[in-house]
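# Descriptive structure summary
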Amino acid sequence: MNKSTPPRQKRSARPKLIALALLISLSALVSGCGKDSASSSPDTGKLKITATTGMIADLAKEIGGPHVQVTGLMSAGVDPHLYKASQGDIRKLDQADIILYNGLHLEGKMVEIFENMAKKKTTVAVSDPIDRSLLRSGALMNTEYDPHIWFDVSLWMKAAGTVRDTLVQKDQTHAEDYKKNADRYIKELETLHKEVAAKISTIPESSRVLVTAHDAFGYFGDAYHLKVMGLQGISTASEAGTKDVTDLRDYLVENKIKAVFIESSVPRKAIDAVIQGAKEKGHEIKIGGELFSDAMGKEGTPEGTYIGMIRHNVETMVSALK
Ligand code: ZN
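Residues numbered from 1 in each chain as written. Predicted model: local features only at pLDDT ≥ 70, side-chain atom pairs only at ≥ 80, totals over all residues. Heavy atoms only, no water.

Pairs of packed helices are described in terms of their axes, by the angle between the two and the distance that separates them. Across the interface, helix 6 (residues 175-200) lies against helix 10 (residues 306-321) with an axial gap of 10 Å and an inter-helix angle of 5 degrees. One way to sum up the angle between helix 6 and helix 10 is to call them roughly parallel. Where helix 6 approaches helix 10, its residues Y185, E188, L189, L192, E195, V196, K199 and I200 are matched on the opposing element by Y306, I307, I310, R311, V314, E315, M317 and V318. Partitioned by chemical class, the residues of the contact of helix 6 with helix 10 number 11 nonpolar, no polar and 5 charged. (Axes fitted to C-alpha atoms, helices over the stretch in contact; angles between N-to-C directions. Helix = DSSP H or I, 4+ residues; strand = E, 2+ residues; numbered from the N terminus. Parallel < 35°, antiparallel > 145°, perpendicular 65-115°, else oblique. Contact = heavy atoms within 4.5 Å. Nonpolar A, V, L, I, M, F, W, Y, C, P; charged D, E, K, R; others polar.)

Okay, structure coming up:
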């Protein structure tokens, strides 16, 4: 760098000195913004939260309100089971004051990253404080527990409590606001929980069968009394085998199930094979619509929020199965 300094600057040392002083004060300003990273975004005075899934980012926005700046890593249509963090993601995690993730191996390819981040900053799995007796087995996915906890709204209320406690602990100045926001939001979730149960109960019992490309809806089925059948096991990491396809086809033909569902974050190949198989056996199955499973809808749409996503799913199920 010094080599390219124009010789003419040597004549007057003063501007150089001023420039140097400016540079020093500027770099002091920059490094003051983010203690974890040299290239930090401008300091807004807000608590910086980086969340993995859209559902968790939504939770952080609801409870953090104006005091937080939330960055979500996974956008609409992204499959968290297969998601690998990019360099940009690592930067976003590095710059955060708080990292929120789902845990229970939902973000299966990021486990090591969270372990490392936990050594230097508040890194919280929103599923962590949930009593293990309330969790489903993750046997199909070769993990201990099924990670799709957001589909039982009552479990998601507990996740909301975890986010509240994390924010209160990290930023006592705004503790009262976080508590107030959480109270309000948890009440909304309570209403949603009842609403979902009431709507699903309008589907005749024999038709209360939910067939999707992967077993994301186990908690939903348990909480709202639907039989849930997936094609790929819980994780999308394993492809559906031929036997899964024929077993499911036979079940649907025998029970005259009217509709199956596709998911925003899962390829529909396997579901198409089942529909085709049933057709060959003389039973017509329609696509009941698209459900949001492991990712929410696009930002700015009703489905781009957790509550909107759940409502969309329920309406889609009710109108196709009823
Ligand atoms: Zn999943």
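Here the focus is unusual backbone geometry. Positioned with a positive phi, H105 is a non-glycine residue whose angle comes to about 65 degrees. Note on placement: H105 falls in the loop between strand 3 (98-101) and helix 4 (111-118). Positive phi is not limited to glycine here, since K256 has a value of about 50 degrees. Within the secondary structure, K256 sits in the loop between helix 8 (242-254) and strand 7 (259-263).

Time to look at the sheet that holds strand 4 (residues 122-125). Read from one edge of the open sheet, 4 strands run 2-1-3-4, paired in parallel fashion. Each end of this open sheet is capped by a strand with a single partner; those strands are strand 2 (68-72) and strand 4. Taking each pair of neighbouring strands and ignoring which way they run, the sheet shows an average axis angle of 20 degrees. Of the strand pairs in this sheet, strand 1 (residues 47-51) and strand 2 are connected by 5 bridges, and their pairing is parallel. Across the sheet, the residue bridging to K48 is Q69, located in strand 2. (Pairing = 2+ DSSP bridges.)

Further remarks concern the confidence of the model for the protein chain. Note that predicted coordinates carrying low pLDDT should not be read in detail. Per-residue pLDDT for the protein chain has a mean of 86; in total, 84% of the residues score no lower than 70. Every residue in residues 1-13 is under pLDDT 50, and counting partners more than four places away or in other chains gives 1 contact. Contacts from residues 26-40, a stretch scored under 50 in pLDDT, to residues over four places away or in other chains number 15 contacts. (pLDDT = per-residue confidence, 0-100.)

Let's shift gears to the nonpolar core. Within the largest apolar cluster, 63 residues are counted, with the highest numbers of intra-cluster contacts made by W156, L189, I200, F220 and Y306. When near neighbours in sequence (up to four residues on either side) are disregarded, W156 contacts M55, I56, L59, N102, V126, I149, W150, L189 and Y306. By size, the runner-up hydrophobic cluster in this structure holds 18 residues, among which are V211, V245, V274 and I285. (Core = buried A, V, L, I, M, F, W, Y, C linked by side-chain atoms within 4.5 Å. Buried < 20%, exposed > 50% of the residue type's maximum accessible area, 1.4 Å probe, protein only.)

Counted by the stated rule, this structure contains 7 aromatic pairs. Taken together, the aromatic side chains of W150, F151, F217, F220 and Y224 make up a single cluster linked through ring pairs. (Phe/Tyr/Trp six-rings, centres within 6.5 Å; stacked < 30°, edge-to-face > 60°.)

For the rest of this paragraph, the subject is the pairing of strand 7. The two faces of the sheet receive side chains in turn, since in a regular strand these alternate between them. Of all 5 residues in strand 7, 5 are buried, a share of seventy percent or more. Going residue by residue along strand 7, you find A259, F261 and E263 tucked away on one face and V260 and I262 tucked away on the opposite face as well. Relative to strand 8 (residues 286-291), strand 7 runs parallel, the two sharing 4 bridges. Residue pairing in the sheet places A259 in a bridge with K286 of strand 8.

Now for the side chain of D294. With respect to the helices and strands, D294 occurs in the loop between strand 8 and helix 10. Among buried Asp, Glu, Lys and Arg side chains, D294 stands out as unpaired, with R136 the closest opposite charge at 12 Å. A distance of 3.4 Å separates polar atoms of two side chains, one belonging to D294 and the other to H148. Setting aside residues up to four positions removed in sequence, D294 forms contacts with M55, V78, D79, P80, H81, H148, W150, H214, A216 and S265. (Lys, Arg positive; Asp, Glu negative; His and termini not counted. Salt bridge = Lys/Arg side-chain N within 4 Å of Asp/Glu carboxyl O. Polar contact = N/O pair within 3.5 Å; in protein donor to acceptor, adjacent residues only side chain to side chain.)

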